[in-house]
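# Structural overview
So you can see what is in the structure, the chains are spelled out below.
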Amino acid sequence: MDSVETIMVVRHAVAAARRAGKTIGLVPTMGALHAGHTSLMDAARVACDFVVVSIFVNPTQFGPQEDLEAYPRPLEDDLALCRDHGADLVFIPSVDEMYGRETLTHVEVTQLTEPLCGEKRPGHFHGVTTVCTKLFNIVQADQAFFGQKDAQQTVVIKRLVADLNFPLEIVVCPTVRARDGLAISSRNRYLNTAQRHDATHLYRSLCACRRAIEQGERQGAVLERIVREILEAVPSLEVEYVAVVDADTLTPVKNLTHAALVAVAAKLGSARLIDNIVVDVTG
Ligand code: AMP
């Protein structure tokens, strides 16, 4: 496994892999790698011949009050995980390498970036779509692997790739959870023991919503209330949103007739946590 810092070296390595007839998989990350990230690497390893993992804490997707400076950067541990999970190349650019000269061009997906996290984190998706476009152009992979945990991100990125005709398939992998159901996240390390316990209510609230659907509930507003009541009963949780939305358009669902996303975001101390499930009443 090679770890490289420059765009030029990535291009050369990927071109050599292509000349050897290999297919290329890309796993974009911000590092502080965990089982969620390694599940993406494992999926890429199975599907592609040459796996590129990028580790870049992208400053343009953090708001001014967010945790850019505090974001964990355990590089040695990250490289060990990449090695263990069969990455061929790890791309670790500096901010200067990615944004060295003044950038006059940005990529923006409209509408899909407005609700949910877009409303709470203005500019966030703008940063995500621009950096992903850059990574897609640098690596020129056949497939890029993203986690369902960031559900809105997957919808936005799929639309970006379709609208701008990237010759790239977006593969969405299931959310990896701890044994008690909490979605694994780099930000879970901000939680103390009590908060870590309280955090399990996010997934519990989603499971309660799934049970209500199984018992016949179809109204989006009622389902939202079920989730919200569970979350609001936990004093340490500050609910940002609870939403039952169409899984493709992210518009609110009045009555559940097809695949919907039930998504939550809450603050717990300094950590902002998100989680979601997809529910489909057609199957
Ligand atoms: P991040 O480093 O947080 O930007 O995440 C990089 C990629 O890993 C994104 O596609 C995330 O959706 C994915 N990811 C993060 N946590 C999980 C998880 N618990 N399960 C599956 N994928 C995840």
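Below is a short write-up of the structure. (Residues numbered from 1 in each chain as written. Predicted model: local features only at pLDDT ≥ 70, side-chain atom pairs only at ≥ 80, totals over all residues. Heavy atoms only, no water.)

## As for the packing of aromatic side chains
This is how the line gets drawn: Any Phe, Tyr or Trp ring, taking Trp's six-membered ring, that has another such ring centre within 6.5 Å forms a pair; planes under 30 degrees apart are called stacked, those over 60 apart edge-to-face, and the others tilted. Think of it this way: any DSSP run of H or I at least four residues long counts as a helix, any run of E at least two long counts as a strand, and we number them from the N terminus. For every residue, the accessible area obtained with a 1.4 Å probe (protein chains only) is divided by the maximum for its type, and the residue is called buried under 20%, exposed over 50%, and partly exposed between those limits.
Scanning the model with the defined rule gives 4 aromatic pairs in all. An angle of 90° between the planes, with centres 6.4 Å apart, marks the rings of Phe-136 and Phe-146 as edge-to-face. Taken as a pair, Phe-136 in helix 6 (residues 124-139) and Phe-146 in strand 5 (residues 143-147) lie far apart in primary sequence, 10 residues in all. In this structure, Phe-136 and Phe-146 share a single accessibility class: buried. When the ring of Phe-136 is compared with that of Phe-166, the centres are 5.6 Å apart and the planes differ by 75°; the resulting orientation is edge-to-face. One end of the pair, Phe-136, is in helix 6; the other, Phe-166, is in the loop between helix 7 (151-163) and strand 6 (169-173), with 30 residues separating them in the sequence. Accessibility assignment for this pair places Phe-136 and Phe-166 in one class, buried. Chaining the aromatic ring pairs together yields one cluster made of Phe-136, Phe-146 and Phe-166.

## A look at the site of the ligand
Here is the rule: Here, proximity means that at least one heavy atom of the residue falls within 4 Å of the molecule or strand. Within 3.5 Å is the distance limit for a polar contact, defined as a pair of N or O atoms, with the added protein rule that one can donate a hydrogen and the other accept it, and that residues adjacent in sequence qualify only through two side-chain atoms. A 1.4 Å probe and the Shrake-Rupley method give the accessible areas. Residues count as covered only by the protein chains that appear here.
Taken together, 16 residues sit near the ligand, with Met-30, His-37, Asp-150, Val-176 and Ile-184 positioned nearest. Between the ligand and the protein, one listed contact pairs an oxygen atom with a backbone N or O atom of Gly-147 at 2.9 Å. At 2.7 Å from an oxygen atom of the ligand is found a side-chain nitrogen or oxygen belonging to Asp-150. Taken by itself the ligand offers 490 Å² of open surface, and the protein chains cover 93% of this. Within the residue set of the shell around the ligand, elements represented by two or more residues are strand 2 (24-29), helix 2 (35-47) and strand 5. Examining the composition of the shell around the ligand, we find that 3 residues originate from one element, helix 2, more than from any other.

## Structural notes on the sheet that holds strand 9 (residues 271-279)
In any sheet, the strands associate via hydrogen bonds between backbone groups, in a parallel or an antiparallel arrangement. Short version of the rule: In this analysis, strands are considered paired if DSSP registers two or more bridges between them. Every axis corresponds to a line fitted to the C-alpha atoms, with the helix fit spanning only the stretch in contact, and the corresponding angles, defined between N-to-C directions, vary from 0 to 180 degrees. Residue contacts are counted whenever heavy atoms from the two residues lie within 4.5 Å of one another.
Pairing in this open sheet of 3 strands is antiparallel, and the strands run 7-8-9 from one edge to the other. This sheet does not close on itself; its edge strands, each paired only once, are strand 7 (237-246) and strand 9. Strand-to-strand twist of the sheet, defined as the mean angle between neighbouring strand axes without regard to direction, takes the value 15°. Pairing of strand 8 (residues 260-268) with strand 9, which is carried by 9 bridges, proceeds in the antiparallel orientation. Residue pairing for strand 9: Val-262 is matched across the bridge by Ile-277. Contacts from helix 9 (residues 200-214) reach strand 7, strand 8 and strand 9 within the one sheet, and its direction differs from that of strand 9 by about 20°. Against the sheet, helix 10 (residues 220-232) contacts strand 7 and strand 8, and its axis sits at roughly 160° relative to strand 7.

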